[in-house]
Amino acid sequence: MQLQYQSQAVAKPYFIAAIGLFVGQILFGLIMGLQYVIGDFLFPAIPFNIARMVHTNLLIVWLLFGFMGAAYYLVPEETETELHSPLLAHVLFWVFLVAGALTIVGYLTVPYASLAEMTGNGILATMGREFLEQPLPTKLGIVVVALAFLYNIGMTILKGRKTAISMILLTGLVGLAVFFLFAFYNPSNLVKDKYFWWWVVHLWVEGVWELILGAILGFVLLKITGVDREVIEKWLYAIITLALVTGIIGTGHHYYWIGAPGYWQWWGGIFSAMEPLPFFALTVFCFNMVNRRRREHPNKAATLWALGTGVMAFLGAGVWGFLHTLAPVNYYTHGTQITAAHGHLAFYGAYVMVVLTIISYAMPILRGREANPERAQVLEMWSFWLMTVSMVFITLFLTASGILQVWLQRIVPNAQPFMAVQDQLALFYWLRWISGVVFFIGLMLYLYSFFAQDKPQSVEAGEVQPATA
Amino acid sequence: MSATFTKSMARNIFYGGTVFTALLFLALTFHTTWRLPQRDHRENLTPEVIHGKHLWETRNCVGCHTILGEGAYFAPELGNVYKRRGPDFIKFWIKAQPTGTPGRRQMPQFHFTDQQLDDIVAFLKWTSEINTENWPPNIEG
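What you are looking at is a predicted structure, and each value in this text was computed from that prediction instead of being measured. Throughout this document, residue positions are counted from 1 along each chain, in the order its sequence is written. The naming scheme follows written order: chains are lettered A onward, ligands numbered 1 onward. For a predicted model such as this one, the threshold for reporting local features is a pLDDT of at least 70, and the threshold for listing and counting side-chain atom pairs is 80 or more; totals across whole chains, interfaces and linings nevertheless cover every residue. Values reported for side chains reflect all heavy atoms of the structure, with hydrogen atoms and water molecules removed beforehand.

Novice: Honestly, the overall build of chain A in this entry has me stumped. Any pointers?
Specialist: Only runs of H or I of at least four residues qualify as helices and only runs of E of at least two qualify as strands under DSSP, and these elements are numbered from the N terminus. Looking only at helices and strands, chain A features 16 helices and zero strands. Its C-alpha atoms give chain A a radius of gyration of 23 Å, within 12% of the compact-globule value 23 Å for 469 residues. Taken along the three principal axes of its C-alpha coordinates, chain A extends 95 × 50 × 45 Å. Of all 469 residues assigned to chain A, the portion counted as buried reaches 64%. A radius of gyration in this sense is built from C-alpha atoms; the matching globule rule multiplies 2.2 Å by the number of residues raised to 0.38. Classification of residues uses two cut-offs on accessible area relative to the type maximum, computed with a 1.4 Å probe and protein chains only: under 20% is buried, over 50% is exposed, and between them is partly exposed.

Novice: Could you clarify how one ought to interpret the overall build of chain B in this entry?
Specialist: Counting secondary structure elements, chain B contains six helices and two strands. The helix and strand sequence of chain B, counted from the amino end, reads α-α-α-β-β-α-α-α. Overall, chain B is about 70 × 40 × 30 Å in size when its C-alpha atoms are taken along their principal axes. When burial is assessed residue by residue, chain B has 51% of its 141 residues classed as buried. In chain B, of all internal contacts separated by at least 6 residues, the share reaching a separation of at least 24 is 55%. Accessible area for chain B stands at about 6700 Å²; split by element, carbon and sulfur atoms hold 62% of it. When the 15 basic and 13 acidic side-chain charges of chain B are each reduced to a single mean position, those positions are 9 Å apart. Contact definition: two residues touch when any of their heavy atoms are within 4.5 Å. Accessible areas in this description were obtained via Shrake-Rupley with a 1.4 Å probe; residue shielding takes into account the shown protein chains only. Counted as positive: Lys and Arg. Counted as negative: Asp and Glu. His and the chain ends are not counted at all. Here the site of a charge means NZ on Lys, CZ on Arg, CG on Asp, or CD on Glu.

Novice: Would you mind showing me how to read the interface of chain B and chain A here?
Specialist: Think of interface size as the accessible area that goes away when the parts come together; that is how it is often given. Residue-level contacts link 71 residues of chain B with 83 residues of chain A. When two components associate, each loses some accessible surface as probed by a 1.4 Å sphere; the sum of these losses over both components is called the buried area. A buried area of about 6600 Å², summed over both sides, lies between chain B and chain A, and 64% of it is on carbon and sulfur atoms. Together, B:Lys7, B:Phe25 and B:Tyr73 form the three largest contributors to the area buried by chain B at its contact with chain A, with a combined 12%. By definition, a salt bridge exists where a carboxyl oxygen of Asp or Glu is found within 4 Å of a side-chain nitrogen of Lys or Arg. Here chain B is connected to chain A by five salt bridges.

Novice: Can you help me understand the environment of B:Thr29 in this one?
Specialist: For B:Thr29, the location among the structural elements is in helix H1 (residues 7-35). The exposure class assigned to B:Thr29 is buried, which follows from its relative accessible area of 6%. Aside from chain neighbours lying at most four places away, what touches B:Thr29 is A:Tyr195, A:Phe196, A:Trp199 and A:Trp264.

Novice: Honestly, the side chain of A:Thr163 in this entry has me stumped. Any pointers?
Specialist: Residue and element names in this part refer to chain A. Within the fold, Thr163 resides in the loop between helix H5 (136-159) and helix H6 (164-180). Judged by relative accessible area, which is 5%, Thr163 ranks as buried. Any pair of N or O atoms that falls within 3.5 Å is considered a polar contact. Within protein, one atom must be able to donate a hydrogen and the other to accept it, and sequence-neighbouring residues count only if both atoms are side-chain atoms. Within the local environment of Thr163, its side chain forms a polar contact with the side chain of Ser166, the two groups lying 3.0 Å apart.

Novice: I'm lost on the packing of H6(A) against helix H7 (residues 190-225) of chain A in this one. Help?
Specialist: Residues and elements named next belong to chain A. Every angle, taken between N-to-C directions, lies between 0 and 180 degrees, and every axis is a line fitted to C-alpha atoms, over only the stretch in contact when it is a helix. Where H6 meets H7, the axes come as close as 9 Å, and the angle between the chain directions of the two elements is 160°. On the basis of the axis angle, H6 is roughly antiparallel to H7. Considering only the axes of H6 and H7, their crossing is left-handed. The nonpolar class holds Ala, Val, Leu, Ile, Met, Phe, Trp, Tyr, Cys and Pro. Asp, Glu, Lys and Arg form the charged class, and all remaining residues, Gly among them, are polar. Its residues placed into classes, the contact of H6 with H7 shows 19 nonpolar, four polar and no charged. By definition in this entry, angles of less than 35 degrees are roughly parallel, angles greater than 145 are roughly antiparallel, angles of 65 to 115 are roughly perpendicular, and the rest are oblique. The hand of a helix crossing depends on one turn: near helix anticlockwise from the far one by less than a right angle means left-handed, and clockwise means right-handed.

Novice: I'm lost on the environment of A:Val200 in this one. Help?
Specialist: Residue and element names in this part refer to chain A. Residue placement: Val200 occurs in helix H7. Here Val200 falls in the buried class, since its relative accessible area comes to 2%. Beyond its immediate sequence surroundings of up to four residues, Val200 is in contact with Leu132, Phe179, Phe180, Phe182 and Ala183.

Novice: Looking at this structure, how should I read H6(A)?
Specialist: Note on helix geometry: an α-helix contains 3.6 residues per turn, so any two residues three or four positions apart are oriented the same way. Residue and element names in this part refer to chain A. Residue count minus one, scaled by 1.5 Å, sets the expected span of a helix. Taking 1.5 Å per residue, 17 residues should reach 24 Å; H6 reaches 24 Å between its end C-alpha atoms and fits that length. Across the 17 residues of H6, twelve count as buried, placing the element largely inside the fold. All of the buried residues along H6 are Ala164, Ile165, Ser166, Ile168, Leu169, Leu170, Gly172, Leu173, Gly175, Leu176, Ala177 and Phe180.

Novice: Quick question: what am I supposed to make of the packing of helix H14 (residues 374-411) of chain A against helix H16 (residues 426-449) of chain A here?
Specialist: Two packed helices can be described by the angle between their axes and the distance between those axes. Residues and elements named next belong to chain A. In contact at an axis separation of 8 Å, H14 and H16 are set at 165° when each is read in the N-to-C sense. In terms of their interaxial angle, H14 and H16 are classed as roughly antiparallel. Here the hand of the crossing between H14 and H16 comes out left-handed. Counted by class, the contact of H14 with H16 contains 22 nonpolar, seven polar and three charged residues.

Novice: Quick question: what am I supposed to make of unusual backbone geometry here?
Specialist: Among all residues save glycine, negative phi is the norm, and among peptide bonds the norm is trans. Cis geometry marks the peptide bond from A:Phe43 to A:Pro44; its omega dihedral reads 5°. Mapped onto the elements of the fold, A:Pro44 is located in the loop between helix H1 (11-35) and helix H2 (48-79). B:Pro98 follows B:Gln97 through a cis peptide bond whose omega is -10°. Even without glycine at this site, A:Glu80 takes up a positive phi of about 55°. On the secondary structure map, A:Glu80 appears in the loop between H2 and helix H3 (86-109). A:Glu80 gets classed as partly exposed once you look at its relative accessible area, which sits at 47%. Although it is not a glycine, B:His41 adopts a positive phi angle of roughly 35°. By secondary structure assignment, the location of B:His41 is in the loop between helix H2 (37-40) and helix H3 (47-58).

Novice: What should I look at first to understand the packing of aromatic side chains in this one?
Specialist: What describes a pair of aromatic rings is the distance from one ring centre to the other and the angle between the planes of the rings. Paired rings are identified among Phe, Tyr and Trp, the last through its six-membered ring, by centres lying within 6.5 Å, and are further divided according to the angle between planes into stacked (under 30 degrees), edge-to-face (over 60) and tilted (the rest). Going through the model one piece at a time under the given rule, you end up with 59 aromatic pairs over all chains. Taken together, the ring pairs connect A:Phe179, A:Phe182, A:Tyr185, A:Tyr195, A:Phe196, A:Trp199, A:Tyr255, A:Tyr263, A:Trp264 and B:Phe25 into an aromatic cluster. Above the ring of B:Tyr73, the side-chain terminus of A:Arg52 is found at 6.0 Å from the ring centroid. The rule for a charge over a ring is simple: NZ of Lys or CZ of Arg within 6 Å of the ring centre, and within 35 degrees of the ring normal. The positively charged end of A:Arg432 is found above the aromatic ring belonging to A:Tyr36, 5.0 Å away from the centroid.

Novice: Sorry if this is basic, but what is going on with the pattern of salt bridges here?
Specialist: Opposite charge on two side chains permits them to pair, given that their charged atoms come into close proximity. All names here are of chain A. Applying the stated rule across the entire model yields 18 salt bridges over all chains. The partner of Glu370 in a salt bridge is Arg295, and the shortest N-O contact between them spans 3.0 Å. Placement of the pair is Glu370 in the loop between helix H13 (337-366) and H14 and Arg295 in the loop between helix H10 (276-291) and helix H11 (300-323), with a sequence separation of 75 residues. Residue classification places Glu370 among the partly exposed residues on the basis of a relative accessible area of 28%. The exposure class of Arg295 is partly exposed, given its relative accessible area of 32%.

Novice: What's the story with the side chain of B:Arg84 in this structure? I'm lost.
Specialist: Residues and elements named next belong to chain B. For Arg84, the location among the structural elements is in helix H4 (residues 81-85). Of note is the side chain of Arg84, whose polar atom sits 3.4 Å from the backbone oxygen of Glu140. In this structure Arg84 touches Pro76, Glu77, Leu78, Ile139, Glu140 and Gly141, once residues within four positions along its chain are discounted.

Novice: Help me out: how do you make sense of a nonpolar patch on the surface in this one?
Specialist: Within this analysis, patches are made of residues with over 30% relative accessible area and no salt bridge. Like charges are joined at 9 Å or less; nonpolar side chains (Val, Leu, Ile, Met, Phe, Trp, Tyr) at 5 Å or less. On the surface, a nonpolar cluster with roughly 490 Å² of combined accessible area is contributed by A:Leu242, A:Trp266, A:Ile270, A:Met274 and A:Leu277. Mapped onto the fold, A:Ile270 is located in helix H9 (residues 264-273).

Listed below in structure tokens is the structure:
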């Protein structure tokens, strides 16, 4: 099977890099999970804060690689034209990969304060804020790569067919770049700092990223189900309307306790309580489209990932978000393992899974076949279940530890100090770590599935053709 | 969805709804910005506090601790640590790290000068006086 457009091939290195960095992310997650119970594990070589920085930053970077790969793959097909500049896409790939790798090496080899000094944090202080720990040159690099990437995608869409899927994707990507600019705003007033820090973090994951998610999922469902484009794109508009109408003011659920006025408890509470709606619509959308399919696509694994995204995004982002979004609940759960539980299932269910969905769909085609061999698909589906179920267990164990933490530290009359409480949560942290190991096994199986071949069939006697002279 | 509800209707609802909520969010943000001075006591943002925040950031404290509930969940909340422990204990504690107790979570040694320690304390004191709607629920953070 041939690619419809040759330039789609640039997506391949992006997907490979994404998967490679994903492995790194999980390894550092396992280190941190162990540090929760064996506090001095790898100290002082890799202190917890460094491991966490690597874990979260690798996640962001590999998801961005996934989004960019997805865009390079689907935009030519949607616009029915070759990519504006495949060369630029190749150059940007290496720039982004080298910048990302250097940043991680910097985290691991240079004390953070020295890294800040070396990289011009004195000129413009942007470092040392959660998820935005990157040195200034890396942040500037992200902006340059994002702009050049948007130029490439934008020019392609401009000269080709303009579908709702590609326009929604582009809107999401432009939003991603625009809101990242708030990473450069770091006022010395902590309240203002926090207020606008969320314009990057919340307006990404509970805002514009949902557009990217919808566009990618819509594209894959269009291809594997053969359902009418009109139907799919109408659904997409409904989903992203719900996402932004609830999600933008839903930002307010982060403004309850950081110094902002108390009315945010109402604004943030009411709007963010509706944030599960777009995810519920997404779930219904996925199942509806698959049920109404007009063709049997041979890539069963991609279908499974797409349906899985619909379900797990709703559970992780929707249900687990709703659990602690109302102010009277959040008053007690804010900044506990409950937040960690939600963060893990939401990121996995929504963004990890959608990237794995497009990889599952596109990678076989990029490798010259419509779908992977049967055995490879079976292994990939096993890895789906191993990773997904273990992530559910990670979430359940973190939720259990979070409930205990809230109870012991914040509710009972003789509340105990943080560390005294942490000691009592060790059982759940161990169970979480074991689930993490299972996740890693699932990930290894996922990697292996890319190389799995069907066992050679034994040739039936009747099929042997007599040699002709 | 039925055929009477067309794609362009769906698109227009998307644009309209998004623009409306974005404008509402901006209006709320302007109002918040206007109200903030009464809540963040910014008149007390001394050079020490500002430098303390810089030290907080460049040592990646938020990689283990939370501050007003945001950050990592590996080490205690520090938004109210000034009220919980007081200035002297904070300085003593930072200087005593790492404890080296086998199996315990470890905090790095940052080799701060006395002035730097005072700045960090000033930042934590300022933070503890922000109007946070009575969060955290108790002194343990």
